Amino acid sequence: MIAIKLLKDLTNLFGSLTILFLQSIYWTIHGIRTGRFGMKNLMEQMSRIGVDSFPMVALTGFSTGAVLVVQIGYQFAQLGAQRYVGGVVSMAMARELAPILTSIVVAGRIGSSIAAELGTMKITEQIDALETMATDPVDYLVVPRFWGCTFMLVILTVFTNVVGMIGGSIIAVHQIGLTLATFSDSILQSLKIQDIVGGLLKSMVFGGLIGTIGCYKGFTTEGGAEGVGKSTTGAVVLAIMFILAVNYFLTVGINNFNMAYLQ
Amino acid sequence: MIIISDLSKRFGPKEVLKGINLKIYDGETLVILGPSGCGKSVLLKHIIGLLKPDGGQVIIDGDDITSFNHKKLDSLRMRMGMLFQSAALFDSLTVEENIAFGLRKHTGLSDIAIHHIVSEKLEMVGLPGANYLMPSELSGGMRKRVGLARAIAMEPEIILYDEPTTGLDPIMTCAIDELHLSLKERLGVTSIVVTHDLNSAYRIGDRLALHYGGQIVAIGTKNEIINSPDPLVQQFIRGEAKGPMTLL
Ligand SMILES: Nc1ncnc2c1ncn2[C@@H]1O[C@H](COP(=O)(O)OP(=O)(O)OP(=O)(O)O)[C@@H](O)[C@H]1O
Ligand SMILES: [Mg+2]
């Protein structure tokens, strides 16, 4: 019985998220076609997402790059493979760690704040008020947040990669005893453009997930302040679960694509 | 004309509306009275299509709006304004941006023209110069009045007021009533007003309806209501705790 209920809930959730996603796409196309796309709103969301996530993302990127070099650097140095350190670390960052870690940080900071903001608007009737003014809440609220998360996650992931490599190179030079040239040559030799593009593609999808889930949790908020609290934590948990699950399929898909077409 | 027939709505096991029947004529002000929690706000939300009924119809100018799609609802809502009981101001926008919301979205007016309209509306509700305050900086009564300014900004033909004067002092209440009467005079607005303030109801209402137990139990002009033999009506307008009307 419980299993059936769980399955039903999960199906409903998938359905609702898909509908919200399709509605955002519809309103985006509608906005572009009528020339009324809310560019100002989108810019506002992007700068908010960027500013709010920036410090945490920088810290995460820097420390991940540094730690990776410590872990990999010593092992490789013992085997006499110093000149592969940069390549392995940058590949791990670009393909997997930067997109995943950036998304998890953004899910915690932005997914939760979107859910809290929209949830508060829901329980204080502001969303009803929007509708009475002939404004679709998906158009006005979801579209800028959806695209804001999607675009900003790509930008933030690039940033995580860069900061990670800076952190890594500092450790490589000062702890492992590599020269900066060895480290960076290794990166340039091993890291391929498809590693970076594949990683950014992932973060784009994760960004869309964070935005959609945050808005969905906001819109379905019920009750008072307690309800807002539930939606907020719910949005983070759900977003991270989706990110981890979807990441597996994206990784497999991207690898298959690379093997079929790029090697 | 707005015709509400046999409108029913339940939330879970709770039957809130049990067959509401009501007619509102063009240019008329209908006041809805009733005990707290009887479903007055729920009724207003059905009239502007925010809630879908379980049964019955809301017919506005000949069309049943309960079967309207989004597009049709939106074009209907362009002709309507609603003041929410909680005011429901957008708390991330300034007072001016709140009032200008519909104008910016649905008219091609210039920023200067919109600014003038906003300032004029703010003056009408007794808040001149409040343009750049945030909703969090306003008192409860001030929020209500900004909500009112927002509801009338597009000069709608039909306005729904959910307790427009709750939380206002007697002088401001009277001023808002005057504003209501002048809008009606000047623009021929049709309005439905939910209120707990009987003095205000008598001042502005062409007819008054008593909502109780999910139904409209009495309706009539001020005099008809005051002289009604119905014990429910008498208890309600005298504000007596004892009588046939039980608190929910
Ligand atoms: N979205 C909802 N979900 C569940 N129950 C609701 C909902 N909205 C209203 N109700 C219930 O419907 C009933 C009527 O609510 P409503 O807000 O219309 O009362 P009201 O007549 O406006 O009262 P008041 O004069 O205090 O504003 C209440 O018992 C309330 O609990
Ligand atoms: Mg109410």
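Starting afresh in each chain, residues are numbered from 1 along the sequence in its written order. Each chain is given a letter, starting from A, and each ligand a number, starting from 1, according to the order in which they appear as written. With pLDDT at 70 or above as the cut-off, local features in this predicted model cover only qualifying residues; side-chain atom pairs require 80 or more to be listed or tallied, and sums for whole chains, interfaces and linings still use all residues. Hydrogens are left out, water is left out, and the side-chain values use all remaining heavy atoms of the structure.

Describing the side chain of Asn 161 of chain A
Residue and element names in this part refer to chain A. This is how the line gets drawn: Going along the chain from the N terminus, every DSSP run of H or I of four or more residues is numbered as a helix, and every run of E of two or more is numbered as a strand. Under the scheme applied here, a residue whose accessible area is under 20% of the maximum for its type counts as buried, over 50% as exposed, and between as partly exposed, the area being computed with a 1.4 Å probe on protein chains only. Any two residues whose heavy atoms approach within 4.5 Å at even a single point are treated as in contact.
Mapped onto the secondary structure, Asn 161 falls in helix α5 (residues 137-176). Residue Asn 161 is classed as buried on the basis of its relative accessible area of 13%. Sequence-distant contacts of Asn 161, defined by excluding residues within four places in its chain, comprise Met 93, Ala 94 and Ala 98.

Remarks on the sheet that holds strand β1 (residues 2-11) of chain B
Residue and element names in this part refer to chain B. So the rule is basically this: The rule for pairing is simple: two strands pair if DSSP sees at least two bridges between them. For helices, the axis comes from a line fit to the C-alpha atoms of the stretch in contact; other axes are also lines fit to C-alpha atoms, and the angle between any two N-to-C directions lies between 0 and 180 degrees.
The strand order across the open sheet formed by four strands is β2-β1-β4-β5, and the pairing between neighbours is antiparallel. The strands lining the two open edges of the sheet, one partner per strand, are β2 (14-24) and β5 (63-64). Bridge analysis of β1 against β2 gives eight bridges, and the strand direction is antiparallel. By the bridge assignment, Ile 2 is partnered in β2 with Ile 24. Lying on the sheet, helix α1 (residues 40-47) is in contact with β1, β2 and β4 (55-60); it crosses β1 at an angle near 120°.

Observations concerning the interface of chain A and chain B
Bring the parts together and some accessible area is lost; that lost area is often taken as the interface size. For clarity, the cut-off: When two parts are put together, the accessible area they lose, computed with a 1.4 Å probe and summed over both, is reported as buried area. A side-chain nitrogen of Lys or Arg and a carboxyl oxygen of Asp or Glu constitute a salt bridge if their distance falls within 4 Å. Note on residue classes: Ala, Val, Leu, Ile, Met, Phe, Trp, Tyr, Cys and Pro are nonpolar, Asp, Glu, Lys and Arg are charged, and everything else, Gly too, is polar.
Each partner contributes to the interface: chain A provides 16 residues, whereas chain B provides 21 residues. Contact between chain A and chain B buries roughly 1,700 Å² in total, counting both sides, with carbon and sulfur atoms accounting for 53%. Counting across the interface, chain A meets chain B through four salt bridges. As a salt-bridge pair, Lys 45 of chain B and Glu 125 of chain A come within 2.6 Å of each other at their nearest N and O atoms. Every element with two or more residues in the side of chain A that touches chain B is listed here: α4 (126-132) and α5 of chain A. Of the residues forming the side of chain A that touches chain B, the biggest block, six residues, is contributed by α4 of chain A. In terms of residue class, the side of chain A that touches chain B is built from six nonpolar, four polar and six charged.

Quick look at the pairing of strand β9 (residues 207-212) of chain B
All names here are of chain B. Along β9, six of the six residues are buried, which leaves the element largely enclosed by surrounding structure. In β9, alternate side chains face the same way, and those of Arg 207, Ala 209 and His 211 on one face and Leu 208, Leu 210 and Tyr 212 on the other are all buried. Here strand β3 (residues 29-33) pairs with β9 via four bridges, running parallel. Note on β9: the bridge partner recorded for Leu 33 is Leu 210. Both β9 and strand β10 (residues 215-220) contribute to a ladder of five bridges, which runs antiparallel. Across the sheet, the residue bridging to His 211 is Ile 216, located in β10. The turn linking β9 back onto β10 is made up of two residues, and Gly 213 within it adopts a positive phi angle of 60°.

Observations concerning the site of ligand 1
Residue and element names in this part refer to chain B. Filter applied, for reference: For each residue, the test is whether any non-hydrogen atom lies within 4 Å of the molecule or strand; if one does, the residue is near. The definition of a polar contact used here is a pair of N or O atoms within 3.5 Å, where within protein one atom must be able to donate a hydrogen and the other to accept one, and adjacent residues in sequence count solely through side-chain atom pairs. A 1.4 Å probe and the Shrake-Rupley method give the accessible areas. Residues count as covered only by the protein chains that appear here.
Around ligand 1 lies a shell of 13 residues, among which Ser 36, Gly 37, Lys 40, Ser 41 and Gln 85 are the nearest. Between ligand 1 and Cys 38, the relevant distance is 3.3 Å, taken from an oxygen atom to a main-chain nitrogen or oxygen of the residue. In this structure, Val 42 approaches ligand 1 through a main-chain N or O atom, which is 2.9 Å from an oxygen atom. Protein coverage of the free-state accessible area of ligand 1, which is 630 Å², stands at 63%. Those elements giving two or more residues to the shell around ligand 1 turn out to be β2 and α1.

Here's the deal with the side chain of Thr 102 of chain A
Residue and element names in this part refer to chain A. Take Thr 102: it is sitting in helix α3 (residues 85-123). Here the side chain of Thr 102 touches Thr 160 through a polar contact of 2.9 Å, side chain to side chain. In contact with Thr 102, not counting residues within four places along its chain, are Val 57, Leu 97, Leu 156, Thr 157 and Thr 160.

A look at the coordination of the magnesium ion (ligand 2)
Going by this rule: Atoms of type N, O and S within 2.8 Å of a metal are treated as its donors, and for Na, K and Ca the window is 3.2 Å; water is not considered, so some sites may appear to be missing partners.
Ser 41 of chain B (OG) and Gln 85 of chain B (OE1) make up the full set of protein donors to the magnesium ion (ligand 2), lying at 2.0 to 2.1 Å. Taken together, the positions of Ser 41 of chain B in helix α1 and Gln 85 of chain B in the loop between β6 (80-83) and α3 (95-106) put the pair 44 residues apart, joining distant regions of the chain.

Observations concerning helix α1 (residues 2-34) of chain A
In an α-helix, one turn spans 3.6 residues; hence positions three or four apart end up facing the same way. All names here are of chain A. What counts is decided by this rule: By this rule, a helix spans an expected 1.5 Å times one less than how many residues it contains.
With 33 residues, α1 should cover 48 Å at 1.5 Å per step; its first-to-last C-alpha distance of 47 Å lies within 8% of that length. Taken together, the buried positions of α1 are Leu 13, Leu 17, Leu 20, Ser 24, Trp 27, Thr 28 and Gly 31. On its buried side, α1 packs onto α5, α7 (193-219) and α8 (225-261). A positive phi of about 70° marks Gly 35, the residue just after α1.

Quick notes on the packing of aromatic side chains
Residues and elements named next belong to chain A. What counts, and what does not: Aromatic pairs are defined between Phe, Tyr and Trp rings, using the six-membered ring for Trp, whenever the two ring centres lie within 6.5 Å; interplanar angles under 30 degrees are classed as stacked, those over 60 as edge-to-face, and all others as tilted.
Following the criterion strictly, the structure yields 10 aromatic pairs over all chains and no others. Ring geometry for Tyr 26 against Trp 27: centres 5.2 Å apart, planes inclined by 80°, an arrangement best described as edge-to-face. Judged by relative accessible area, which is 48%, Tyr 26 ranks as partly exposed. On the accessibility criterion, Trp 27 (16% relative accessible area) is buried. With 5.6 Å between their ring centres and 25° between their planes, Trp 147 and Phe 151 make a pair best called stacked. Placement of both Trp 147 and Phe 151 in helix α5 is noted, with a separation of four residues, approximately one turn of the helix. Phe 151 sits in the partly exposed class, given a relative accessible area of 36%. Grouping aromatic residues by their ring pairs yields a cluster made of Phe 21, Phe 146, Trp 147 and Phe 151.

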